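Tertiary structure, described
The lines below spell out each chain.
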Amino acid sequence: TFKSKTLDAVFTVPPDAGTVNTGISGTAGSGNTTCALEAAVDGLVEAACNAVRNGAALLVLSDRAALDPASGLCPVPALLAAGAVHHGLIRAGLRMEASIIVESAEPREIMHFAPLFGYGTDFIGPYGALASLEALCGRPEGKRIGGYSQGRKNYLKGLAKAMLKVMSKMGTSTLRSYRGAEIFEAIGLSAEVIEKCFRGTGSRIGGAGFRELEAEAVAHYRAARAAHDRVDLSLTPADLLLAGDGQYRWRKTGEKHAWNPETIYLLQWAARTADYGKFKEFTAAANTLNQNPHVIRGLLDFAAPGTVKDGPAAPIPLEEVEGEESIMKRFTTGAMSFGSISKEAHETIAMAMNSIKGRSNSGEGGESSERFAVRPDGAWTRSAIKQVASGRFGVTSVYLANAEEIQIKIAQGAKPGEGGQLPGHKVDALIAKTRNSTPGVTLISPPPHHDIYSIEDLAELIFDLKNANPAARISVKLVSESGVGTIAAGVAKAHADNILISGYDGGTGASPQSSIRHAGLPWELGLSETHQVLVRNGLRGRVRLQTDGQLKTGRDIIIAGMLGAEEFGFGTATLIVLGCVMMRKCHENTCPMGVATQDPDLRRRFSGKSEYLVNFFRFLARETREIMASLGFRTFDELVGRPDFLVQRKSGKAKSIGVDLRDLLHREEGPGDSAGIPHGKEIRCVEDQIHKISRVLDRELIDKCFAALDKKIPTALQLLIRNTDRAVGAMLSYEVSRRFGSQGLPENFVTCDFTGSAGQSFGAFLAKGITFRLAGDSNDYLGKGLSGGRIVAAPPPGSTFKTNENIIVGNTVLYGAASGELYAAGVAGERFCVRNSGALAVVEGTGDHCAEYMTGGRILVLGKVGRNFAAGMSGGIAYVLNHDGDFEYFLNPGMVELSGLDNEEDENFVKELLQKHIYWTGSAYGKSILDGWAEYGPKFVKVLPVEYKRALQQMKLAELDRKLYEIREREELEVRS
């Protein structure tokens, strides 16, 4: 039996509650005396410590006492109470002797529960949310839920799943590990609150103290009490509800949103009519909202000319400022994939950016090869930036060869820690073809952990991509977070050309609710930290910085530039210009404006034109120039990395009183030349990265394949290879793709026989018509992004060891392979065929996580497998020789089903693939299986994704319907004849 103690987490509402010192002259304040909320928190901690000393093992922090209308008690915010008691018990050495239970009406959504667990809460009783749910289920519209019992079950199940998702985003496996881990950063909380309630949590800009938090808590309390006092039995149920606060969707009486009917209307009017005056009205409205303050940059003003050392002395005429065309080259669009938005919207964006020499971003959904060439009407719909998102959808040699910039998406600001997901109902035939998947099958992007475990892995991927397109610059997308500067320094050392710092307040309407709020950080924090760290370490001069996250105005661009950015991304604003009205229906495929849908009827409603986007970006550049002229800057480069041109402005909002932006505005000088670092004091990019690709083995291959490439003469080569030879075949494939496109070369047109140990990424992005045969072994990432080529790996002639018992290729083989073949006479490491979307592969055994996230292709495993086989597998087919009968133990059954080779088609396919394996590798083990088919055939297991099977059945039914229709048409025609 455990002894419990209930502690009232409430405080008496003081007469002057809600009056705070705003820091503005003439405003009454309350001084520095302890407020009622802080006193209540201190009392709660003291009571908790005394209760534990007296034997209590369960501490219940309850705000139920505030339910009595006559009490005059206001609830202590649940997170403040839990965090304070948690740290108070730690300081007293008592935390391990009791559990903390929060009983509160406040927590109702996942991002209320996650911090409570993160700051030490063991159990949460959300009685307010459950009471609201019970009332809802008692109304007529509650019948569709199935009654309160079912509604409560669904709600708690949803919370549990959402909590697991939050934990997975943070790389945490168990709630025990997550509880009390404090993996958060505070924005806008003072040091006193952090020390008392969230000790050890970062809070870089300071902010609200207990008195400001008390005023907010009392305001909510009084609103609820006033609503309670108005309760009348004659009122309709809708009248009994509290007014919506509009956190996720705009509400007239709710929270202020940067995108609201006024700003959307003004921007669309300005862009569609080319009315710069209306655009200035839009930016005035947006800037006013920002300075409310709505964002961190809303607390910043520009320093007057002549007041900053080494700065302009006075304003200059507009005609002396760098031109609009030059500034527009710094603009990019956000990574919005084809599939998440419609074909019309995606191509319109690309067309607009190409016309102004900016750069559109393909997103991680790939891109149809028909868009790579200029159309007969002169339009060019190719996206200049190709996002690879760590080797995901549709990444082929041809795709990479048609890029000006290749962007590695480690994460995104609006959804940190999450991979993308495209619901099956948005995957039509064209999208499935582009992404090498199956229509109707949900596409889930794996987290980027499979080939970016470390900066060294990232350096390898950058090297691979630079070989896959030597003419493109390589970009890395990072999330604004505490410590991102250190990560960015590693990225710069890994030879990235460009670093994007992505802010949290973007992601359009496709972000889940658990990421729209309380996830990610403002770009201002991440950008300034990154710039300062790079300058301090002498790395800034060789890498360009970019940022995105609700940029809208010339003022935003200038501030971002002064904090270190040289380029700027626009996502939501781009869609708004094209007609988006922020309905937040992106994931439902019901966008009424035809922007974010694949429904043919809705797509016909799309009214956006490339001219609208050109107007928007030209207006942005014009306003940017006007601000530059008013500040005295002739070129944009003059203001990059100069935060000393910014000053913090005072705000009349109570919660922003204590915000201190001095660290944000620190001007980092950087190391001097005495440190031996070239350009050590540079505060912007002044030189190109050195990629070390001038002497790779592919240069020799390309020289020797001149006849094949330029005269189309078949070529056969024999070469030695060492493990320092990396990404062999990627640059050769680039030359093939650049010349011949997706058609490639005829089969076996270029054959290369290698002897030795191949380094990482052997055969990466290998193009159609190239065959690589390796007599030896290979390191990790063999066949990454395989694009139609053939790779054969077998032991050197004369080897006597058993191939099915020895490793021949490393980890993460065929990651993101789109097409082609692999035959490996030996065992592969872990994560074999992760995200394979079209390749055929035969291997004689694998490590853990084989076939993970597969969406297409077929693999044949002739030996033992490791744990977690087929995790996240939504397409393709795997055939496994279940020799010991224990395969199900190693299977992840979440998305797949098992069967034998239950039809002649499957049996013939496995035999044919096995024969090819024997032909190409000479595998004695493979031959023994084929010779003993009567014994081994029944032991094969077929692994088929359930969703893929359903989609195939639907496709077969559709094909049958088509044939029946053609038969009926012919019969009717014969009758008429």
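Residues numbered from 1 in each chain as written. Predicted model: local features only at pLDDT ≥ 70, side-chain atom pairs only at ≥ 80, totals over all residues. Heavy atoms only, no water.

Here the focus is the sheet that holds strand β3 (residues 58-62). Across the sheet, which stays open at both edges, the four strands sit in the order β1-β3-β5-β6 with parallel pairing between neighbours. The open sheet terminates on both sides in strands that have one partner only, identified here as β1 (4-8) and β6 (123-125). Each strand axis lies, on average, 20° off the axis of its neighbour in the sheet, ignoring direction. Sheet topology note: the β3/strand β5 (residues 99-103) ladder contains five bridges and is parallel. Paired with Ser-62 across the strands is Glu-103, a residue of β5. Along the sheet, helix α1 (residues 36-53) makes contact with β1 and β3, crossing β1 at roughly 170°. (Pairing = 2+ DSSP bridges. Helix = DSSP H or I, 4+ residues; strand = E, 2+ residues; numbered from the N terminus. Axes fitted to C-alpha atoms, helices over the stretch in contact; angles between N-to-C directions. Contact = heavy atoms within 4.5 Å.)

When we look at burial in helix α28 (residues 924-931), the residues that qualify are Tyr-925, Gly-926 and Ile-929. Projected down its long axis, α28 shows its buried positions confined to an angular sector of 100°, all on one face. Relative to its buried face, α28 has exposed residues pointing more than 90 degrees away, namely Ala-924 and Asp-931. The elements touched by buried residues of α28 are β30 (875-881), α27 (904-921), α29 (933-936) and β32 (940-945). The N-terminus of α28 is capped by Ser-923, whose side-chain oxygen sits 3.4 Å from the backbone nitrogen of Tyr-925. (Buried < 20%, exposed > 50% of the residue type's maximum accessible area, 1.4 Å probe, protein only. Arc of directions from axis to C-beta. Polar contact = N/O pair within 3.5 Å; in protein donor to acceptor, adjacent residues only side chain to side chain.)

Right, let's get into unusual backbone geometry. Asn-292 connects to Pro-293 through a cis peptide bond whose omega is 0°. Turning to its location among the elements, Pro-293 is positioned in the loop between α10 (276-290) and β9 (300-302). In this model, Lys-357 sits at a positive phi of 65°, which is unusual for a non-glycine residue. Here Lys-357 shows up in the loop between α12 (343-355) and β11 (359-361).

Bringing the packing of α12 against helix α22 (residues 610-631) into the picture now. With their axes 8 Å apart at the nearest point, α12 and α22 run at an angle of 50° to one another. Between α12 and α22, the crossing angle belongs to the class labelled oblique. Relative to α22, the crossing made by α12 is right-handed. Facing Thr-348, Ile-349, Met-351, Ala-352, Met-353 and Ser-355 of α12, the residues of α22 in contact are Ser-610, Leu-613, Val-614 and Phe-617. Classifying every residue of the contact of α12 with α22 gives seven nonpolar, three polar and no charged. (Parallel < 35°, antiparallel > 145°, perpendicular 65-115°, else oblique. Left-handed = near helix turned anticlockwise from the far one by under 90°. Nonpolar A, V, L, I, M, F, W, Y, C, P; charged D, E, K, R; others polar.)

This part covers the pairing of strand β23 (residues 770-778). In terms of burial, β23 is a largely internal element, seven of the nine residues being buried. In this structure, strand β22 (residues 750-758) lies alongside β23, joined through nine bridges in parallel fashion. By the bridge assignment for β23, Cys-752 is matched with Phe-772. The pairing of β23 with strand β24 (residues 787-794) spans five bridges and is classified as parallel. Bridge pairing links Ala-775 to Ala-794 in β24.

Across the chain, the average pLDDT comes to 89, with 93% of residues at 70 or higher. Per-residue pLDDT stays below 50 along residues 21-31; that stretch engages in 18 contacts with residues further than four places along the chain or on separate chains. (pLDDT = per-residue confidence, 0-100.)

The next point concerns the sheet that holds β32. Across a sheet, paired strands are connected by hydrogen bonds in the backbone, their directions being either parallel or antiparallel. If you trace the 10 strands from one edge of the open sheet to the other, you get β21-β22-β23-β24-β26-β28-β29-β30-β32-β31, paired in mixed fashion. Every interior strand has two partners, whereas the edge strands, β21 (715-721) and β31 (896-899), have only one. In this sheet, adjacent strand axes meet at a mean angle of 15° when their direction is disregarded. Its contacts with the sheet place helix α23 (residues 697-704) against β21, β22 and β23, and it is angled at close to 160° to β21.

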